[in-house]
Amino acid sequence: MNRGSIWLVALCTFFAPISAKLSEEEWSEARKKINLTDCWNYGKNLFFPAPVFSLTDGENLSFKDCGRWDLSEESQTPPWHLYFKFNDAFHGWGVLLSDQTFVMNYESDALYNSFKNRAEIKLFGGECVDEEDEETCLKKRGLLSQKLLGVKKVEVRHGRYFSKTITVWRIEKVTLTPSLQPACLWNRDNQDNSNQTIFNFDGQARGPMFQKSDFVPEETCYRRSNIDKWECDLYGKSICSSSLIKKVDWPSYLFIERDGRFYLRAVGPSIFYEPVKWLDLLPATKQIVSASVDLGLMPEIPRLKTRTGFGPDQSFPECGIKANQEYFLSEEGDFDDSTFDGRIAEQGGHPWHVSLTRRTGKQPLIDFCGATIISRKALLTAAHCFYGKNGFRFRARDVDVTFGMYNRSSDARDGLQQELQAYRVLVHPGYNHSRGDFKDNIALVILSDEVQFSEDVRPICLWNWNYGLDKIVNRTGTVVGWGLTSDVQTEPEILQEANMKVISYEDCYESRRRFFSLNLRPRENFCAGFPDSQRGVCVGDGGSGFSLFNQRYQRHFLRGVLGVGPTKTVTRADGNVTKVCNPNLYSLFTDVTNYLPWIVDNTPDIHPLSA
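Cut-offs used in this document
- Position numbers for residues count from 1 along each chain, tracking the sequence in the order it is written.
- The predicted nature of this model means local features are confined to residues of pLDDT at least 70 and side-chain atom pairs, given and counted, to a pLDDT of 80 or more, with totals for whole chains, interfaces and linings taken over all residues.
- The basis for every side-chain value is the complete set of heavy atoms in the structure, and neither hydrogens nor water enter the calculation.
- Working definition: helices are DSSP H or I runs of at least four residues, strands are E runs of at least two. Numbering for both runs from the N terminus.
- Here's how the labels work: a residue is buried when its accessible area is under 20% of the maximum for its type, exposed when over 50%, partly exposed in between, all with a 1.4 Å probe on protein chains only.
- Contact criterion: two residues are considered in contact whenever any of their non-hydrogen atoms come within 4.5 Å of each other.
- Computed with the Shrake-Rupley method and a 1.4 Å probe, the accessible areas treat only the protein chains shown as cover for residues.
- Throughout this description, a polar contact denotes any pair of N or O atoms lying within 3.5 Å of each other; where both atoms belong to protein, one of them has to be capable of donating a hydrogen while the other can accept it, and for residues adjacent in sequence the pair is counted only when both atoms sit in side chains.
- Stacked, edge-to-face and tilted are the three classes for Phe, Tyr and Trp ring pairs, Trp counted by its six-membered ring, which pair at centre distances within 6.5 Å; planes under 30 degrees apart are stacked, over 60 edge-to-face, the rest tilted.
- Should a side-chain nitrogen of Lys or Arg be within 4 Å of a carboxyl oxygen of Asp or Glu, the pair is scored as a salt bridge.
- A pair of cysteine sulfur atoms is labelled a disulfide when the two atoms are within 2.5 Å.
- We place a 1 Å grid over just the protein atoms. Points where a 1.4 Å probe fits but has no way out form a cavity, open points with protein on both sides within 12 Å along at least 5 of 7 lines form a pocket, and any residue with an atom within 4 Å of a point lines it.
- Grid points are joined across faces, edges and corners, and a volume is the space filled by probe spheres set on the points.
- All amino acids are sorted into three groups, where Ala, Val, Leu, Ile, Met, Phe, Trp, Tyr, Cys and Pro are nonpolar, Asp, Glu, Lys and Arg are charged, and the leftover types, Gly among them, are polar.

The helix and strand inventory of the chain stands at 11 helices and 34 strands. Within the span of the chain, comprising 611 residues, buried residues form 57% of the whole. Here the contacts in the chain between residues at least 6 apart in sequence split such that 72% fall between residues at least 24 apart. Counting only carbon and sulfur atoms, one obtains 46% of the accessible surface of the chain, whose full area is about 27500 Å².

So, in structure tokens, the structure goes:
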């Protein structure tokens, strides 16, 4: 087979090219003719960059060793073919993308509901031992014992009129063999299409039936005097072939073969008449990966916006200066391995950190989150702190703030603490707790009265110069709190302190591809930690600030707010399984610089941004 060839695999059922949700009036509009030049001008400059699945394997593969298929044996079925059977009637098939995920180019309410209703569904893949045994074999595929665990619909919408729904399925982890291997997702941009050779084979046949056809450039593919509006929605987002298997009733998958690997590139056909148009899956890669159970995609790093900072007086007068600054600059402190996050904090060393408690009518919840003083009237914390397990939001009047606390058992007696009630809690408008993805995970607490500053109660400065993460990568910041310590999950009496190193977006993603594929948002948040040190954050530390010291200004600046701390599953001595904090993984912090305009606009007494 030629380098760079394309394979079209016919399967499933033909789908309507226009969304079934369109009204009669919209259908009529969609069928109107449009000038070809207008269509070309709309789609010719569309560019979809190459997705980044891996930064370390050199090939940027969506799954390790994906896409291998030895074609030396005749009548061999592609190893990523998975046949589907339910109610002993429906036969369809999909493409294995990993050892826990496969995708189907098929939208069927009956099939989707069969899973929801726990109907018997059989999955066939890999080697078939006995082709004559219908119970264990289907079209050269063997019966898999792995169960189906979940299914998600992914709507691929292009323009106003065209949409296509595919399903992404989760299965129990399969054992990969030479006859059961995942295909790769396309890992180049949408300009890398030319000079391709196309092959078809019928998914219904007991063996491959090939028919050769050619790649057709889109300019040629759409070259008619005029086309329907809905068809123009596909221009710039389709791949064209010169022909398809005769009398095909089933849609197909399109594969591109490069350097001995097969990449899933498109589904279809979207339009049957020649040249045949196929729906490019590249623009939907993020949706497919997000719907999977074990695939990861490096989030795009947006261009850094130019923002203004604060004036020479910083965000608030005397912010970021400790009462005993010289002492705390020179004292590094010894790490105590008995504490989860490293060491007990020095008294007065973090006067901007406060404890948030919630009154429930019984006993208050001790330090359910931390927060950071940024002015006499406002604190900065995480949005998720104000939601209970069932999703209900706490009332501001039930939130108390304790200032200047160091030792929880003695400070009230010593008179060092101040206590105020929250007047308003302003959760960022972009945060959606039910979504569960921690986007815009930041909130302001506006106090009922002004807090009185002292040696133990002071504001921190908001970050006020270059916002690029590259300026602070490998720098060590500090997080403090009364979160649980160690695997025994005890609540400390004295404030704990952890030093955590900022890492690049790329290193963060590579440390846990699947998790950070979904939760890392460059410019909006960042990662920090020392995974090999057994120092980190835990339950109760959420909302606490990540501070950095600036030698030039001799002040401490708030750069992050703790959003997500890692966990792990352990088995207790009594046999119970539970989740505990995991210092061996990086934590995720909301980047304060991305939200400065919102913070300033909603804080009553903070200095405005400079012009």
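Anyway, onward from the coordinates.
Of note, Asn 441 is situated in the loop between strand E24 (418–427) and strand E25 (443–447). Side-chain polar atoms of Asn 441 contact the backbone nitrogen of His 384, separated by 2.9 Å. Apart from residues lying up to four places away in sequence, Asn 441 is in contact with Ala 382, Ala 383, His 384, Tyr 431, Gly 563 and Thr 590.

Turning next to the packing of aromatic side chains. Taken as a whole and assessed by the stated rule, the structure comprises 21 aromatic pairs. Between Trp 69 and Trp 80, the ring centres sit 5.7 Å apart and the planes meet at 80°, which makes this aromatic pair edge-to-face. Separated by 11 residues along the polypeptide, Trp 69 in the loop between helix H2 (36–43) and strand E3 (81–86) and Trp 80 in the loop between H2 and E3 bring together distant segments of the chain. Taken individually, Trp 69 and Trp 80 each receive the classification buried, so the pair is uniform in this respect. Aromatic ring contacts, followed pair by pair, group Trp 69, Trp 80, Phe 255 and Phe 262 into a single cluster.

Attention now goes to the pattern of salt bridges. Counted according to the given criterion, the structure contains 11 salt bridges. A salt bridge links Glu 29 to Lys 32; the nearest nitrogen and oxygen atoms lie 3.0 Å apart. In this structure, Asp 591 engages Arg 559 in a salt bridge whose closest nitrogen and oxygen atoms are separated by 2.9 Å. Residue Asp 591 is located in strand E34 (residues 587–591), and its partner Arg 559 is located in strand E31 (residues 555–564); the two are separated by 32 residues in the primary sequence. Considered together, Asp 591 and Arg 559 belong to a single accessibility category, that of buried residues. A single network of salt bridges, built from pairs that share partners, joins Glu 29, Lys 32 and Lys 229.

Here the structure, examined in full by the defined rule, presents 6 disulfides. Covalently, Cys 128 is tied to Cys 137 through a disulfide, its sulfur atoms 1.8 Å apart. Linking Cys 128 and Cys 137, the disulfide has an S-S dihedral of approximately 120° and is accordingly described as right-handed. The residues Cys 128 and Cys 137 share a single accessibility class, namely buried.

The full count for this structure, using the stated rule, is 5 cavities of 30 Å³ or more. Of the voids in this model, the largest cavity is the one considered here, and its volume is about 90 Å³. In the lining of the largest cavity, the residues fall into 4 nonpolar, 6 polar and 2 charged.

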